[in-house]
Amino acid sequence: MAKIIVVTSGKGGVGKTTTSASFATGLAMRGHKTAVIDFDVGLRNLDLIMGVERRVVFDFVNVINGEATLKQALIKDKHLDKLHILAASQTRDKDALTTEGVEKVLNDLAQDFDFIVCDSPAGIERGAFLAMYFADEALVVTNPEVSSVRDSDRVLGILSSKARLAEKGETKVKEHLVLTRYNPARVAKGEMLSLEDVKEILAIPLLGVVPESSSVLTCSNSGVPVIREEGSDAGLAYQDLVARFLGDEVPHRFITEQKKGLFSKLFGAT
Amino acid sequence: MDWLKFFRAEKNNTAKTAKDRLMLAVAYQRSGQANGPAYLPRLREELLGVVRKYIQVPDEAVQFSVQREGGLEVLELNITLPDQ
C-alpha cells in the first residue's frame, strides 16, 4: 500500500513545488517507486521544475474525466525509472477536480507505487483541500517570515480537523516541518525568525531546513530538481531530508552561520 | 551615525517583534474564532448582553473557543467575573 504525502503551506511562493520535485526525486533515488502529482489546476508548474513540460500529453483532469488512462498520463522521468509525474491540467474550470475522481486516481496509483507525493496549490481552496484530504503525512513548507508561519498554522488546523484521517477520528495526519529559504546569517543578526522560533510557534516535528540558495533558481531555470545538483547546499539539505523521512538519523546542517574565509569573501565563492 | 547601531542591537531585533506578533496571531487562529461557525461573533455579543443584565463585565472578560476533541466539536465559554 502506498503512502500519500501532501506538500502544503497555505502561502504561495514558499517552495512547495521545489520541495515536491526534490522530495519525490529523492525518494526515487533511494529506490522507492514514486509518483508526484501537481494539484494546481489552471496553474501547472511542477512539469517545468521537473523538466518534463514538453512531454505532457494528458493530465490529471483528463484521467479523472476518463479521457486518458493513468498509464497514458503518467510521465516517466528520463533519469530515474522509479519516478513518475502527473501534470496538472491548464483548464480554467475550478470544479475539474472532484473528491471521487481524486480518490480513484490515488487508489489506482496506490496499487503499484510506494509513495504518492501531492504538490498542493497555494491557498485553502478546493485544489489545496483535495491535495490534503487523502494524505497520510504532510510536509508543511514554511519560510521564516510572519505571513508564511501564520498560513502554515492555518493549514495545520485544517489538516487536523478536515483531512480524511481526522474525520475518521482514528489517527491523524503525520505532520513534518520543512523550513525553507533559511538564512542563518540574518538569523544571527536578529533579522529573521530562527528555527527555534518557528518550531515553538508551529509545534510540529522538524524534518529539514533548506538554506536560501542560489542554486534553487538556476536549477529551476534548467528544469532539474535541486536535489540532483551536486554540491549545492539546498540539494544536500533535501537529500538529508529524504533520508530522515525514510528513518535515517541524519544531523541537521545549514542551521548555523558558515563563517566565510578571506578567500571566499574576496572572490565570492559560494 | 551608523556605528551607533552597534550599541542598539537589541532595539533592532525585528525577529523578536515578528515572533511576538505571530504568537498573538496564531493564538487567535487556534482559539477557533477564525475557523469556527459564522454565528460565533453574534453569539458572543448576545451572551455578553445577557451576562451584563446581572453583572458588569468588560469585553475581554468573555473568552470563546471552539476545540475539537476526537470527533466532537466543543464550544468553550469562559466568563471572568470582576472582583467584588
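Right above here is the structure, for reference.
Residues numbered from 1 in each chain as written. Chains lettered and ligands numbered in written order. Predicted model: local features only at pLDDT ≥ 70, side-chain atom pairs only at ≥ 80, totals over all residues. Heavy atoms only, no water.

With that settled, consider the overall build of chain B. A count of helices and strands for chain B gives two helices and two strands. Going from the N terminus to the C terminus, chain B shows its helices and strands as α-α-β-β. For chain B, with 84 residues in total, the buried portion stands at 23%. Once local pairs closer than 6 in sequence are excluded, the contacts in chain B between residues at least 24 apart make up 34%. (Helix = DSSP H or I, 4+ residues; strand = E, 2+ residues; numbered from the N terminus. Buried < 20%, exposed > 50% of the residue type's maximum accessible area, 1.4 Å probe, protein only. Contact = heavy atoms within 4.5 Å.)

With that settled, the discussion passes to the sheet that holds strand 7 (residues 174-182) of chain A. All names here are of chain A. Strand order across the open sheet formed by eight strands is 3-4-2-5-1-6-7-8, with mixed pairing between neighbours. What marks the edges here is a single partner per strand, and that holds for strand 3 (75-76) and strand 8 (206-211). Across five bridges, strand 1 (residues 3-8) lies against strand 5 (residues 115-119) in parallel orientation. Of the residues in strand 5, the one forming a bridge with Ile 4 is Ile 116. Strand contacts of helix 5 (residues 99-112): strand 1, strand 2 (34-38), strand 4 (83-86) and strand 5, with the helix running at about 145° to strand 5, the strand carrying the most contacts. (Pairing = 2+ DSSP bridges. Axes fitted to C-alpha atoms, helices over the stretch in contact; angles between N-to-C directions.)

On to the interface of chain B and chain A. Taken together, the contact between chain B and chain A spans 15 residues of the former and 14 residues of the latter. Carbon and sulfur atoms supply 57% of the area buried between chain B and chain A, which totals about 1,500 Å² over both sides. The largest contributions to the chain B side of the interface with chain A come from B:Lys19, B:Leu22 and B:Gln29, which together make up 36% of the buried area. On the surface where chain B and chain A come into contact, there are two salt bridges. Viewed at the interface, chain A and chain B are joined by three residue pairs in polar contact (both at pLDDT 80 or more). With 10 residues, the single largest contributor to the side of chain B that touches chain A is helix 1 (residues 14-30) of chain B. Residue classes in the side of chain B that touches chain A are distributed as seven nonpolar, five polar and three charged. (Buried area = accessible area lost by both parts, 1.4 Å probe. Salt bridge = Lys/Arg side-chain N within 4 Å of Asp/Glu carboxyl O. Polar contact = N/O pair within 3.5 Å; in protein donor to acceptor, adjacent residues only side chain to side chain. Nonpolar A, V, L, I, M, F, W, Y, C, P; charged D, E, K, R; others polar.)

All names here are of chain A. According to the stated counting rule, one finds one cavity of 30 Å³ or more in the structure shown. In this structure, the largest cavity occupies an estimated 30 Å³ of space. What lines the largest cavity is simply Gly 208, Val 209, Ala 237, Asp 240, Arg 244, His 252, Arg 253 and Phe 254. For the lining of the largest cavity, the secondary structure elements donating two or more residues are strand 8 and helix 12 (233-245). (1 Å grid on protein atoms, 1.4 Å probe; cavity = no way out; pocket = protein on both sides within 12 Å on 5 of 7 lines; lining within 4 Å. Points joined across faces, edges and corners; volume = space filled by probe spheres on them.)

What follows is about a nonpolar patch on the surface. Residues and elements named next belong to chain B. Taken together, the side chains of Leu 77, Ile 79 and Leu 81 present a nonpolar region at the surface, about 240 Å² in accessible area. With respect to the helices, strands and loops of the structure, Leu 77 is situated in strand 2 (residues 72-79). For Leu 77, a relative accessible area of 36% gives the class partly exposed. (Patch = residues over 30% accessible without salt bridge, like charges linked within 9 Å, V, L, I, M, F, W, Y side chains within 5 Å. Areas by Shrake-Rupley, 256 points an atom, 1.4 Å probe, with all protein chains shown as cover.)

Turning to the pattern of salt bridges, a few remarks are in order. All names here are of chain A. Taken as a whole and assessed by the stated rule, the structure comprises 14 salt bridges over all chains. The closest approach of N and O atoms between Arg 30 and Asp 248, which form a salt bridge, is 3.1 Å. With Arg 30 in the loop between helix 1 (16-29) and strand 2 and Asp 248 in the loop between helix 12 and helix 13 (262-267), the pair connects residues that are 218 residues apart, well separated along the chain. Judged by relative accessible area, Asp 248 falls into the partly exposed class, the value being 34%. Its salt-bridge partner being Asp 240, residue Arg 253 comes within 2.9 Å of it at the nearest N-O pair. Of this pair, Arg 253 sits in the loop between helix 12 and helix 13 while Asp 240 sits in helix 12, placing them 13 residues apart in sequence. The exposure class assigned to Arg 253 is partly exposed, which follows from its relative accessible area of 37%.

Everything listed here is a matter of coordinates, which is why it stays silent on function.
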